[in-house]
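Letter by letter, the chains look like this.
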Amino acid sequence: MSEECVKELSNKERMNLPFQEMLLMDPEKRIKTFEEVPVGYTPEQAKTEAMRCIQCKKPDCIQGCPVGIDIPAFIKLIEEGKPAEAAKKIRETNFLPAACGRVCPQDKQCQAVCIVGRKNLPVGIGNLERYAADYEREHGTLELPDIAPDSGKKIAVIGSGPAGLTAAYELRIRGHEVVVFEAFHRAGGVMVYGIPRFRLPLEIIDEDIKFLERIGVQFAYNMIIGKILTLDDLIKKEGFDAVFIASGAGLPKMLDIPGVNANGVYSANEYLTRIYLMHADKFPEFTTPLYQGEKVAVIGAGNTAMDVLRTAKRLGADVSCYYRRSHEEAPARSEELEHAEQEFLNWKWLSNPVEFIVDENNFIKQIKCEKMALSEPDESGRRRPMPTGEFFTDDCDTVVMSLGCEVNPIIPSTDDEVRINKWGIIMVDESTCQTSKERVFAGGDAITGGSTVILAMGQAKNAARAIDKYVRGKLKEVPNVPTDPNAPGVQWSFAG
Amino acid sequence: MTDKIKKIVSQIEIENEDTISNALDQIGKLKDLSDEEKVDLSSALSVLFYHDHAGMVEMIKLANRAEKQIAKFGEAVVPFLIKEVTNADAESAAHLGRAIALNGAAAVELILKAWDENRGDDFAIINLIQTLSYFRVPEVVKALPEILVASKAKNHQVRAMALNAAGRLSQRLHANLLDEKIRTKMFDSAFTLISDNNPLVRANAARALGKMLSKRLLNDEQREKLLKSYNAILGNDEKHEWDYAYIVRHEAERFLPFCKAGESLADRYKQSFKIVSKRELCTKTFHFEIEAPLLAKKLKAGQFIIVRPHEFSERIPLSICGWDEGKGTIQIIVMAVGKTSSEINNMNVGDCFTDMVGPLGERSHVKKHDGTCVVIGGGYGTGAIIPTARDFKQLGNRVIGIVGARNKDLLIMVPELEEVCHEVMLTTNDGSIGIEGFVTHALQQILDRGEKLSHVLAVGPVPMMKAVSDMTKPLGIETYVSLNAIMVDGTGMCGACRVSVGGETKFACFHGPDFDGHKVDFEQLVKRQKMFVEEEQKALATLGA
Ligand code: FES
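Rules and cut-offs
- Residues numbered from 1 in each chain as written.
- Chains lettered and ligands numbered in written order.
- Predicted model: local features only at pLDDT ≥ 70, side-chain atom pairs only at ≥ 80, totals over all residues.
- Heavy atoms only, no water.
- Helix = DSSP H or I, 4+ residues; strand = E, 2+ residues; numbered from the N terminus.
- Rg over C-alpha atoms; globule rule 2.2 N^0.38 Å.
- Buried < 20%, exposed > 50% of the residue type's maximum accessible area, 1.4 Å probe, protein only.
- Contact = heavy atoms within 4.5 Å.
- Areas by Shrake-Rupley, 256 points an atom, 1.4 Å probe, with all protein chains shown as cover.
- Lys, Arg positive; Asp, Glu negative; His and termini not counted.
- Charge placed at Lys NZ, Arg CZ, Asp CG, Glu CD.
- Buried area = accessible area lost by both parts, 1.4 Å probe.
- Salt bridge = Lys/Arg side-chain N within 4 Å of Asp/Glu carboxyl O.
- Polar contact = N/O pair within 3.5 Å; in protein donor to acceptor, adjacent residues only side chain to side chain.
- 1 Å grid on protein atoms, 1.4 Å probe; cavity = no way out; pocket = protein on both sides within 12 Å on 5 of 7 lines; lining within 4 Å.
- Points joined across faces, edges and corners; volume = space filled by probe spheres on them.
- Nonpolar A, V, L, I, M, F, W, Y, C, P; charged D, E, K, R; others polar.
- Pairing = 2+ DSSP bridges.
- Axes fitted to C-alpha atoms, helices over the stretch in contact; angles between N-to-C directions.
- Parallel < 35°, antiparallel > 145°, perpendicular 65-115°, else oblique.
- Left-handed = near helix turned anticlockwise from the far one by under 90°.
- Domains from an automatic or database assignment.
- pLDDT = per-residue confidence, 0-100.

Q: Would you mind showing me how to read the overall build of chain B here?
A: Scanning chain B for helices and strands turns up 23 helices and 15 strands. Computed over its C-alpha atoms, the radius of gyration of chain B comes to 34 Å, more than 25% above the 24 Å expected for a compact globule of 545 residues. With 545 residues in all, chain B has 56% of them scored as buried. Considering only contacts within chain B whose residues lie at least 6 apart along the sequence, 66% involve residues at least 24 apart. Summed over all atoms, the accessible surface of chain B reaches about 24,100 Å², with 50% contributed by carbon and sulfur. A gap of 3 Å separates the mean positions of the 68 positive and 73 negative side-chain charges of chain B.

Put into structure tokens, the structure is as follows:
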């Protein structure tokens, strides 16, 4: 019966359908497990949500997607009850749909520009993407893509995070032989060591890696490029025709305040890596320890901070978030913030840590903060946090700083032809991602200084196209790589 | 049967694509079906599998849909499906088999039971084996021995199907699920059949082996054997007697490329991390030589590695006491203090480390100096100073080594150090050999005899490094110490290894490990090293368990 209904629905009726909330695991229950929080759409929900899409003639959402997924088309297929085909459609442009459906900041991309959102809540594009991808995985409908005939070219991809994997995929299907070099003992990069299991289950990443292996992408683990092989080794001795650097983030940013090196003070990277890569939550079955007491203070309010907060909660702590601006300025993806807010955490907005107070054994015991107030908007329209001179001190026995990262410095520090700016960001030609060194391209956080999974993937796709042309001798333009050390990293625009 | 179900069933029975498709849609929407109804529907749908679909694209699609639908009915219909499969034709058996396999672990048991009950009925057995080959769940590993027994059956079709299943499962299952023993069994069973007198069996054997090969389940020896067989089949060897059956040659040709060692590019970057020698230096302290050709090519004095001995281990940093580029090995010294170091010391020649990564950190500060260079080692650090001492000597420096320990039994690596120094001084706390006292006493003796010191490197326990730095600071002698901070990644990504040097936070793994000893905040270092004492005790306690 729904078949006929679908055809007759007017745009107005579609716009009046209620937004389909994805069911969430109950907060009381979920803070005791690492299982995924949103449980996914039922087929009915997915269909109804798909009906809310009015199939714009000139869809803005596609412009809003860093990899340019044909969103209306895949939604249409879901509406028609063809989730497997919907997944296939998405895969034409994005080969990590299950991960992206879960971790993309849709509220700042496709869904932000969705027309339906003008009056109502925008179409749940991310939810639908996840639905199609999950359907495909669970029903085994995934088909292997066509691989172009062997090009005889060899390409080295450095790093197996979102950018590296995307480039590997794009280059492999174009017929090149691709080796992905990973420093850790398993692939996935930030998706493994930095994104919690309750947001992105490990099976999903492993499926994607297996998929790549099946199409012939090769992986080499325990390989820190720059150390065990330099870029020159790869090009001159190992005979790679091109190299793509996607080595991602490096040195975590630390506060410069007294006590920052106290025991029990971690960077978010360390904290999450211990748990998600090394399984410290299953200590002592896994030997990696994690010293975590009962009161955890998390500094920052970005996505990673939310991940840390919720992880600490799941490990049974009383957890507080300290951020020097207010709730409204929190940079986290709205859904993450919302989910975190359901999980019995304490929020200390407008609190700027000024000192970590330690005991005689250098263990953290208190955090001292200055209360902040927001200024009137300045010329740039931004309200700045201003010190108030008022201080407060809270007890805590663990601190996690989630303040972002600098770019991974290992490759630039071992090769002087790859030009970087003064922040360590690798400089590239914006349109081709070529670096100042011949045969070497770069993408992901290495050239932006930090962004999201999907942006990294978008760049990697562009870079892969350029690399493909390059190794086939069809990339004629001389790369235009900035020389000014003050030039910023690549700013992503939604040009597609 | 309720009317509703009856109606749907009758719809399926009308062999019209649209009606069937419609019926499938309806079934998809049905809720709260009883087990009986599920069986009724499955029975009706399975009829679709028996049609001759040759060339009828739409019908093939419908059959595939029916297969998925039946699978969705779940465990309730599995016994029925198994019964069906035992006397289904080839095409339907495949559909039914896949539907069963989607039901996972519980179904494996039921099939094995059916196998038992149908012994003697080769036809049923063939279909059951085929069904097993579609599973992806780990439980299906249990069925492998039975399948391998079937590969010895009299009936050549049974043999052929058993091989087919073995090959398919080796591709589908995660390699970790297949241990050494079962791999050997699989290889041996298939390998005997590569000379079977039935060509179908030979072809399937060649394919099954090829699949195992491409999934990297074979060891070097097995691969060599297979290479010979494939070449014989193709007439590539001296005998030039190719297999007359095309189907056999076809498989050999297809998988031959996988036989070539190093066929995959990424293989070049795999190191075995195998222990080639192990010797005890003193209580709880061992010297290991490990196969790691890429590392051996790149290591520089002062650099270190991070290892993970087992899948469950933490990553710990270890310093290097030598390497041999020609042999492709590196040498480390491990003193058992925590769980992971104890685990390493329990490993033996032939064992492999799960992971080893490096070279990490910067090279030691070596150059030509006017005065003498002194390298000081304590405990495991005695190994770490050897490569640096060698570098100093090679650059034409006069090099003195000092080694300290509590007593003479704990002094290690002295002969090796003597080889790379002009002079080696020993100190023991109890005076059992060499100078009685600490390494600083030896250093004082050098100063007392008026020798000009240009550079000091100290590696070992923190109090020793601190004492040396404290002594040289007022004298203005350049002094470096190698800091063994707690680490996780070792690449500058986590900050676990941060140390204070001259009031600045540095990452030992990336900026170090060698730092100016006069600027290091040793007190903080000691305290940070104790971050996980409690946890380490707990971990250590699990070691015997
Ligand atoms: S060990 Fe992680 S940054 Fe040094």
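Q: Is there a simple way to think about the interface of chain B and chain A in this case?
A: Quoted interface sizes are often the accessible area lost when the parts come together. Counting residues at the interface gives 57 residues for chain B, matched by 60 residues for chain A. Both faces combined, the contact of chain B with chain A buries some 4,800 Å², and carbon together with sulfur accounts for 60% of it. When the buried area of chain B at its contact with chain A is split by residue, Leu265, Tyr269 and Met493 of chain B rank highest and sum to 16% of it. Seen at the junction of chain B and chain A, the total is two salt bridges. With its nearest N and O atoms 2.5 Å apart, the salt bridge here joins lysine 298 of chain B to aspartate 233 of chain A. Across the contact surface, chain B and chain A share 22 residue pairs in polar contact (both at pLDDT 80 or more).

Q: How should I be thinking about the side chain of glutamate 451 of chain B in this particular structure?
A: All names here are of chain B. Its place among the elements puts glutamate 451 in the loop between α19 (439–448) and β11 (453–459). A polar contact is formed between the side chain of glutamate 451 and the side chain of arginine 449, at a distance of 3.1 Å. Sequence-distant contacts of glutamate 451, that is, excluding residues within four places in its chain, are made with Thr372, Arg398, Ile400 and Ile446.

Q: Please clarify how empty space enclosed by the protein should be interpreted in this entry.
A: Rolled over the atoms, a probe with the dimensions of a water molecule shows which regions are left empty. All names here are of chain A. The tally for this structure, following the rule as stated, stands at five cavities of 30 Å³ or more. Roughly 120 Å³ of internal volume is contained in the largest cavity. Every residue lining the largest cavity is counted, 15 residues in all, and those nearest its centre are Cys53, Cys56, Cys61, Cys114 and Val123. Broken down by secondary-structure element, the contributors of at least two residues to the lining of the largest cavity are α5 (60–63) and α6 (71–79). With three residues, α6 is the single largest residue contributor to the lining of the largest cavity. The residue makeup of the lining of the largest cavity, split by class, is 14 nonpolar, no polar and one charged.

Q: What am I meant to see in unusual backbone geometry here?
A: All names here are of chain B. Residues glycine 358 and proline 359 are joined by a peptide bond in cis, for which omega reads -10°. Within the fold, proline 359 resides in strand β6 (residues 355–360). Residue glycine 512 is joined to proline 513 through a cis peptide bond whose omega torsion reads 5°. With respect to the helices and strands, the residue proline 513 is situated in the loop between α21 (508–511) and β15 (514–516). Of note, the phi angle at methionine 413 is positive, near 60°, even though the residue is not glycine. Of note, methionine 413 is situated in the loop between β8 (399–405) and α18 (414–420). Methionine 413 gets classed as buried once you look at its relative accessible area, which sits at 6%.

Q: What am I meant to see in the pattern of salt bridges here?
A: Pairs may arise between side chains of opposite charge once their charged atoms sit close together. Inspection of the entire model under this criterion finds 56 salt bridges over all chains. Across the pair arginine 308 of chain B and glutamate 311 of chain B runs a salt bridge whose closest N-O atoms are separated by 3.5 Å. Each of the salt bridges in this network shares a partner with another, and the network as a whole consists of Arg30, Arg199, Asp307, Arg310, Arg314, Arg333, Glu335, Glu336 and Glu343 of chain A.

Q: Help me understand the pairing of strand β2 (residues 285–291) of chain B, please; the structure alone is not making it clear to me.
A: Regular strands show a simple pattern: their side chains alternate between the two faces of the sheet. Residue and element names in this part refer to chain B. β2 sits mainly inside the fold: six of its seven residues count as buried. As paired elements, strand β1 (residues 275–282) and β2 share six bridges and run antiparallel to each other. For cysteine 282, the partnering residue across the bridge sits in β2 and is threonine 285. Where β1 hands over to β2, the hairpin turn is made up of two residues, of which lysine 284 adopts a positive phi near 60°. Where β2 and strand β5 (residues 329–335) come together, seven bridges link them in antiparallel fashion. Across the sheet, the residue bridging to glutamate 289 is glutamine 331, located in β5.

Q: Looking at this model, I keep getting lost on the packing of helix α6 (residues 90–101) of chain B against helix α8 (residues 122–132) of chain B. Mind explaining?
A: Helix packing geometry: the angle between the two helix axes and the distance between the axes. Residue and element names in this part refer to chain B. In the contact formed by α6 and α8, the axes pass within 8 Å of each other and the chain directions differ by 45°. The angle between α6 and α8 places the two elements in the oblique class. For the pair α6 and α8, the crossing hand works out as right-handed. Across the interface between the two elements, Ala90, Ala93, Ala94, Gly97, Ile100 and Ala101 from α6 touch Asn127, Gln130 and Thr131 from α8. Broken down by class, the residue content of the contact of α6 with α8 amounts to five nonpolar, four polar and no charged.

Q: How do you make sense of the side chain of arginine 14 of chain A when you look at a structure like this?
A: All names here are of chain A. Position of arginine 14 relative to the elements: it lies in helix α2 (residues 11–16). Within the structure, the side chain of arginine 14 is placed 2.9 Å from the backbone oxygen of methionine 51, a separation counted as a polar contact. Looking at arginine 14, its side chain comes within polar contact range of the main-chain oxygen of cysteine 53, at 3.3 Å.

Q: Help me understand the domain arrangement of chain A, please; the structure alone is not making it clear to me.
A: All names here are of chain A. Its domain assignment divides chain A into domain 1 (3–139), domain 2 (154–250 + 407–471) and domain 3 (253–405). A C-alpha centroid distance of 30 Å is found between domain 2 and domain 3. Listed by partner, the interface residues are 15 residues for domain 2 and 13 residues for domain 3. Together domain 2 and domain 3 conceal approximately 1,200 Å² of surface at their shared face, both sides included; 62% is due to carbon and sulfur atoms. The tally of links between domain 2 and domain 3 comes to two salt bridges. Aspartate 307 serves as the salt-bridge partner of arginine 199, at 2.7 Å between the closest nitrogen and oxygen. At the boundary of domain 2 and domain 3, one finds two residue pairs in polar contact (both at pLDDT 80 or more). Broken down by class, the residue content of the side of domain 2 that touches domain 3 amounts to eight nonpolar, four polar and three charged.

Q: Would you mind showing me how to read the packing of helix α12 (residues 199–214) of chain B against helix α13 (residues 220–233) of chain B here?
A: Residues and elements named next belong to chain B. Between α12 and α13, the shortest axis-to-axis distance is 11 Å and the interhelical angle comes to 140°. One element, α12, and the other, α13, form an angle in the oblique class. Of the two possible hands of crossing, α12 and α13 adopt the one that is left-handed. Across the interface between the two elements, Ala206, Leu209, Gly210 and Leu213 from α12 touch Arg223, Leu226 and Tyr230 from α13.

Q: Would you take a moment to explain the environment of phenylalanine 286 of chain A for this structure?
A: Looking at the secondary structure, you find phenylalanine 286 of chain A in the loop between α14 (268–277) and β7 (295–299). On the basis of relative accessibility, which here comes to 11%, the residue phenylalanine 286 of chain A falls in the buried class.

Q: Help me out: how do you make sense of the confidence of the model for chain B in this one?
A: When pLDDT is low, close inspection of the predicted coordinates is not appropriate. Summarising the model, chain B shows a mean pLDDT of 88, and 97% of its residues fall at 70 or more. With a pTM of 0.72, the predicted complex shows an ipTM of 0.84.

Q: So what exactly am I meant to see when it comes to the sheet that holds β7 of chain A here?
A: Sheet strands associate in pairs through backbone hydrogen bonding, adopting either a parallel or an antiparallel arrangement. Residues and elements named next belong to chain A. Spatially, the five strands line up as an open sheet ordered β6-β13-β7-β8-β9, and their pairing is parallel. Each edge of the open sheet is held by one strand with a lone partner, namely β6 (265–267) and β9 (346–348). In this sheet, neighbouring strand axes are inclined to one another by 20° on average, regardless of whether the strands run parallel or antiparallel. Here β7 pairs with strand β13 (residues 398–401) via four bridges, running parallel. Bridge pairing links valine 296 to threonine 398 in β13. Across the sheet, helix α15 (residues 303–314) touches β7, β8 (318–322), β9 and β13, and the angle it forms with β8 is around 165°.

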